[in-house]
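Spelled out, the chains give:
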Amino acid sequence: MFAKLLKHDLRSLSRVGKPLAIGSFILGILGLISSIGHSLIMTQSYKIIERSAEAYANGDFELSESLSDLYSTLSFGGTVLAFMMFFIFMLLCASCLTIMVLLAVNFYKTLITDEGYLTFTLPVAPSQILLSKIVNAIIWNAIIMALFALGTAMLVIPSVTINENGLLAVMLSLEGYNKMNLVLFIVLAIESSFFSVIAYQIFYFFAIFLGGIVAKKRKLLASAGIIVGGHVAYYILQQILSFGFIVVIYTYLTPETTDVWLPYNPIDPFIITNIPLLFSFLGSIVISVVFFFVTKRLMTKNLNLP
Amino acid sequence: MTEEIIEPWQLEEKEASGDNKESQKPLVYIENLRKSYGLVEALSGVSLSIKPRKIVGLLGPNGSGKTTMIKILAGLLCPTDGCALIDGLEIGVDTKAIVSYLPERPYFNSWMKVGECLDFFEDFYKDFDREIAEKMLLDLDISTDSKLRTLSKGTKEKVQLILVMSRRARLYLLDEPIAGVDPAARDYILDTIIKGRGDDATVIISTHLISDVENVLDEYIFIKNGVILEHESMKDFRNAHEESLDLRFREVFKYVR
């Protein structure tokens with residue numbers, strides 16, 4: 001029964017999910033083209049301005065002026081492509097947000113509106129209904145986030161491989177910047193982001209269901225209120241935990257520090273970046289489990305479809 | 001005189017045919033059922049039992065508690081107090097497998113085609129008979145390729161009714177099955193309800209169109225303000241009253257200025 005539920009959930013979202021995924025892929029391709037173009041233009045621009053300066057130093061002012069004009073034209077083209085790359089990145093970010101919103105809307109429609117009459121009269125346990133929605137969310141979020149990561153990589157990679165003066169290339173050449181830590185950071189960041197997204201999605205499901213059964217009218221407003229309240233509470237908790245973390249690392253992990261606010265020894269970047277990501281990952285798991293069981297209980301004991 | 005030998009299957013059939021009616025356990029058993037929405041009490045300690053193979057009319061004015069009772073039996077509402085059992089089971093996954101529920105509103109996604117709705121029911125309900133459903137759709141001239149959003153309100157209701165009645169359920173809960181349907185189709189639908197249900201099935205119909213359904217009912221229940229006023233068999237009603245059930249309803253529920 002669970003497999004059938006999941007099949008129907010995947011199918012119901014694929015009407016909008018597929019075009020979104022295809023759109024994200026096309027954006028990635030456009031991003032790659034823009035990035036390659038931008039990197040080539042910037043590489044040639046540096047060479048042209050160098051030659052222009054050389055020509056000026058040699059007294060060939062006509063050549064220097066011509067090369068300067070060419071540089072201006074290329075710079076303008078590079079700027080346009082840079083804006084395009086930024087715009088494509090924003091659209092890729094928007095696609096990640098869009099799939100979360102679509103999943104929340106789908107959850108609301110199939111459980112709280114008239115379609116809930118069909119869903120809750122099926123011979124399946126409420127926990128299976130909820131689990132199907134969550135697995136559906138995991139699959140669609142994974143697809144869109146993978147396309148986001150691919151699109152972002154297509155924007156960034158030409159900048160590193162073609163443009164030796166690009167930001168990322170400069171970062172990697174900095175002394176003390178451990179490439180292995182960078183790779184680990186990227187892996188943890190992706191993993192932590194993905195599980196955070198899933199945790200948020202389950203929390204949104206809880207908020208939508210609670211708003212739907214508690215409020216007689218304006219159910220979406222009630223759900224939105226719960227979501228905002230939850231985000232505020234989570235932000236406050238994050239700030240408290242972050243402050244505590246900073247106090248701990250500066251007090252206990254730098255033994256030669258005499259003043260807690262002024263560390264004299266540099267902290268390993270691994271600890272600064274990767275430990276919080278690990279905590280974020282664990283926090284996401286806890287949030288997901290807690291809200292799953294709370295929502296399941298609401299569905300079993302407090303179902304009141306209007 | 002030769003002695004009649006009764007085989008075991010004949011004894012079962014004799015019992016099932018009604019000779020031992022009183023010994024049959026009720027299919028629906030409700031005891032002291034309450035449902036409150038804040039300060040409003042939709043059901044106030046309702047108790048009743050319904051035996052198998054009955055067509056029961058659940059009749060009452062708007063806001064009397066008919067839909068609330070049906071939704072509790074369908075598993076869409078949790079009661080505030082009391083208990084409701086279907087075939088001796090508490091409302092849950094097992095009862096949903098034997099209960100076929102028709103709400104008073106469309107509940108399929110409008111982008112779905114009629115054929116996809118059939119696929120959906122076939123996937124989840126083992127007792128769904130696709131052949132019967134397709135035959136009824138053909139009789140009512142409804143194409144399986146039609147998208148629900150292109151159908152009229154009445155046609156959508158017919159599609160839902162066909163899906164519900166194509167199941168071999170033990171209990172059919174029909175909330176206003178003929179309200180939005182044209183008079184010509186009402187007879188077909190009522191005929192479908194009587195003939196479409198299984199031999200052992202019970203049907204509970206909630207409706208305002210009493211004159212259309214009273215000839216098919218075995219029992220009726222009058223409910224008002226969450227309280228059952230009357231629950232009788234149609235046989236006893238006709239023996240006791242000369243008037244029709246429709247007139248009786250108007251008498252019991254008449255509005256006083």
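Residues numbered from 1 in each chain as written. Chains lettered and ligands numbered in written order. Predicted model: local features only at pLDDT ≥ 70, side-chain atom pairs only at ≥ 80, totals over all residues.

Remarks on the overall build of chain A
Right, so step 1: Within chain A, the secondary structure is distributed over 8 helices and 0 strands.
Right, so step 2: Mapped in sequence order, the helices and strands of chain A form the string α-α-α-α-α-α-α-α.
Right, so step 3: When the 306 residues of chain A are sorted by exposure, 28% land in the buried category.
Right, so step 4: Of the contacts made within chain A by residues no fewer than 6 positions apart, 76% connect residues no fewer than 24 positions apart. (Helix = DSSP H or I, 4+ residues; strand = E, 2+ residues; numbered from the N terminus. Buried ≥ 20, exposed ≤ 12 C-beta atoms within 10 Å, placed from the backbone. Contact = placed C-beta atoms within 7 Å.)

A word on the overall build of chain B
Right, so step 1: Counting its secondary structure elements, chain B contains 10 helices and 10 strands.
Right, so step 2: Looking at chain B as a whole, 39% of its 257 residues are labelled buried.
Right, so step 3: For chain B, long-range pairs separated by at least 24 residues make up 71% of all intrachain contacts whose partners lie at least 6 apart in sequence.

Notes on the sheet that holds strand β3 (residues 55–59) of chain B
All names here are of chain B.
Right, so step 1: With mixed pairing, 6 strands are arranged side by side in an open sheet as β6-β7-β8-β3-β9-β10. In this open sheet, the two edge strands, each paired with only one partner strand, are β6 (99–102) and β10 (227–233). Across the sheet, the axes of successive neighbouring strands diverge by a mean angle of 15 degrees, strand direction being ignored.
Right, so step 2: By the bridge criterion, 4 bridges tie β3 to strand β8 (residues 202–206) in an arrangement that is parallel. From the neighbouring strand, Gly 57 faces β8, where its bridge partner is Ile 205.
Right, so step 3: Packing against the sheet, helix α2 (residues 66–74) makes contact with β3, β6, β7 (171–175), β8 and β9 (219–224), and its axis sits at approximately 145 degrees to β7.
Right, so step 4: Against the sheet, helix α6 (residues 153–165) engages β6 and β7, with an angle of about 175 degrees to β6. (Pairing = 2+ DSSP bridges. Axes fitted to C-alpha atoms, helices over the stretch in contact; angles between N-to-C directions.)

Focus: the sheet that holds strand β2 (residues 40–50) of chain B
Residues and elements named next belong to chain B.
Right, so step 1: Pairing in this open sheet of 4 strands is antiparallel, and the strands run β2-β1-β4-β5 from one edge to the other. Each edge of the open sheet is held by one strand with a lone partner, namely β2 and β5 (89–90).
Right, so step 2: Here strand β1 (residues 28–37) pairs with β2 via 8 bridges, running antiparallel. Residue pairing in the sheet places Leu 33 in a bridge with Val 46 of β2.

Topic: helix α4 (residues 114–124) of chain B
What sets the pattern is the α-helix's 3.6 residues per turn: residues three or four places apart point alike.
Right, so step 1: Taken as a whole, α4(B) has its buried residues at Val114(B), Cys117(B), Leu118(B), Phe120(B) and Phe121(B). Seen along its axis, α4(B) keeps its buried residues to an arc of 160 degrees; they face one direction. (Arc of directions from axis to C-beta.)

What to know about the interface of chain A and chain B
Right, so step 1: At the interface, 19 residues of chain A touch 19 residues of chain B.
Right, so step 2: At the level of elements, α1 (2–57) and α3 (115–119) of chain A are the ones that each hand at least two residues to the side of chain A that touches chain B.
Right, so step 3: For the side of chain A that touches chain B, the leading source of residues is α1(A), giving 4 residues.
Right, so step 4: Of the residues contributing to the side of chain A that touches chain B, the split by class is 9 nonpolar, 5 polar and 5 charged. (Nonpolar A, V, L, I, M, F, W, Y, C, P; charged D, E, K, R; others polar.)

Things to note about α1(A)
Right, so step 1: If you check α1(A), its first and last C-alpha atoms are 76 Å apart, about what 56 residues at 1.5 Å a residue would give, namely 82 Å.
Right, so step 2: Of the residues flanking the end of α1(A), it is Gly59(A), one or two places downstream, whose phi is positive at about 90 degrees. (Expected span 1.5 Å × (residues − 1).)

Some thoughts on the confidence of the model for chain B
Residue and element names in this part refer to chain B.
Right, so step 1: On average, residues of chain B score 84 in pLDDT, and 89% of them are at 70 or above.
Right, so step 2: Low confidence marks residues 1–16, where pLDDT is under 50. Its contacts with residues over four positions away, or in another chain, come to 3 contacts.
Right, so step 3: For residues 18–23, every residue scores under 50 in pLDDT, and the model assigns this stretch 2 contacts once sequence neighbours within four places are set aside.
Right, so step 4: Scored by ipTM, the complex comes to 0.84, with pTM at 0.81. (pLDDT = per-residue confidence, 0-100.)

Concerning the nonpolar core
Right, so step 1: The biggest cluster of nonpolar side chains holds 68 residues, and the ones touching the most others in it are Val56(B), Leu73(B), Leu171(B), Leu173(B) and Val203(B).
Right, so step 2: Ranked by residue count, the leading element in this core is α6(B), at 6 residues.
Right, so step 3: For Leu73(B), the residues in contact, after removing those within four places along its chain, are Val28(B), Ala84(B), Ile86(B), Ile91(B), Val99(B) and Leu173(B).
Right, so step 4: Core analysis: the next-biggest nonpolar cluster, separate from the first, contains 44 residues, Leu5(A), Ile41(A), Ile144(A) and Leu147(A) among them. (Core = buried A, V, L, I, M, F, W, Y, C linked by C-beta atoms within 7 Å.)

Some words on the packing of α1(A) against helix α2 (residues 61–111) of chain A
Residues and elements named next belong to chain A.
Right, so step 1: Between α1 and α2, the least distance of the axes is 7 Å, while the angle of their chain directions is 160 degrees. Relative to α2, α1 is oriented roughly antiparallel. As α1 runs across α2, the sense of the crossing is left-handed. (Parallel < 35°, antiparallel > 145°, perpendicular 65-115°, else oblique. Left-handed = near helix turned anticlockwise from the far one by under 90°.)

Overview of the environment of Ser49(B)
Residue and element names in this part refer to chain B.
Right, so step 1: By the secondary structure assignment, Ser 49 is in strand β2.
Right, so step 2: When the 13 C-beta atoms within 10 Å are taken as the criterion, Ser 49 is described as partly exposed.
Right, so step 3: Along the backbone, Ser 49 and Asp 212 are 163 residues apart, and their C-alpha atoms lie at a distance of 24 Å.
Right, so step 4: Beyond its immediate sequence surroundings of up to four residues, Ser 49 is in contact with Pro 26, Val 28 and Tyr 29.

What to know about the confidence of the model for chain A
Low-pLDDT portions of the prediction should not be read for the details of their coordinates.
All names here are of chain A.
Right, so step 1: Per-residue pLDDT for chain A has a mean of 83; in total, 84% of the residues score no lower than 70.
Right, so step 2: Element-level pLDDT for chain A is lowest in helix α5 (residues 167–173), with a mean of 60, against a maximum mean of 91 in α3.
Right, so step 3: With pLDDT under 50 throughout, residues 258–265 is counted as low confidence; its partners more than four residues away or in other chains account for 11 contacts.

As for the pairing of strand β4 (residues 81–86) of chain B
All names here are of chain B.
Right, so step 1: For β1 and β4, the ladder comprises 5 bridges, and the chain directions are antiparallel. Looking across to β4, one finds that Glu 31 is bridged to Cys 83.
Right, so step 2: Looking at chain direction, β4 and β5 are connected through 2 bridges and run antiparallel. Following the sheet pairing, Leu 85 is matched in β5 by Glu 90.
Right, so step 3: Counting the residues that bridge the hairpin from β4 to β5 gives 2 residues, and of these Asp 87 lies at a positive phi of roughly 55 degrees.

Let's talk about unusual backbone geometry
Residues and elements named next belong to chain B.
Right, so step 1: Its identity is not glycine, yet Asn 32 carries a phi of approximately 50 degrees, on the positive side.
Right, so step 2: Along the polypeptide, Asn 32 turns up in strand β1.
Right, so step 3: For Asn 32, a count of 13 C-beta atoms within 10 Å translates into the label partly exposed.
Right, so step 4: One non-glycine residue, Glu 176, adopts positive backbone phi at about 55 degrees.
Right, so step 5: Relative to the helices and strands, Glu 176 is located in the loop between β7 and α7 (183–196).

Focus on the environment of Leu91(A)
Right, so step 1: With respect to the helices, strands and loops of the structure, Leu91(A) is situated in helix α2.
Right, so step 2: Along the sequence, Leu91(A) and Gly23(A) sit 68 residues apart, while their C-alpha atoms lie 9.7 Å from each other.

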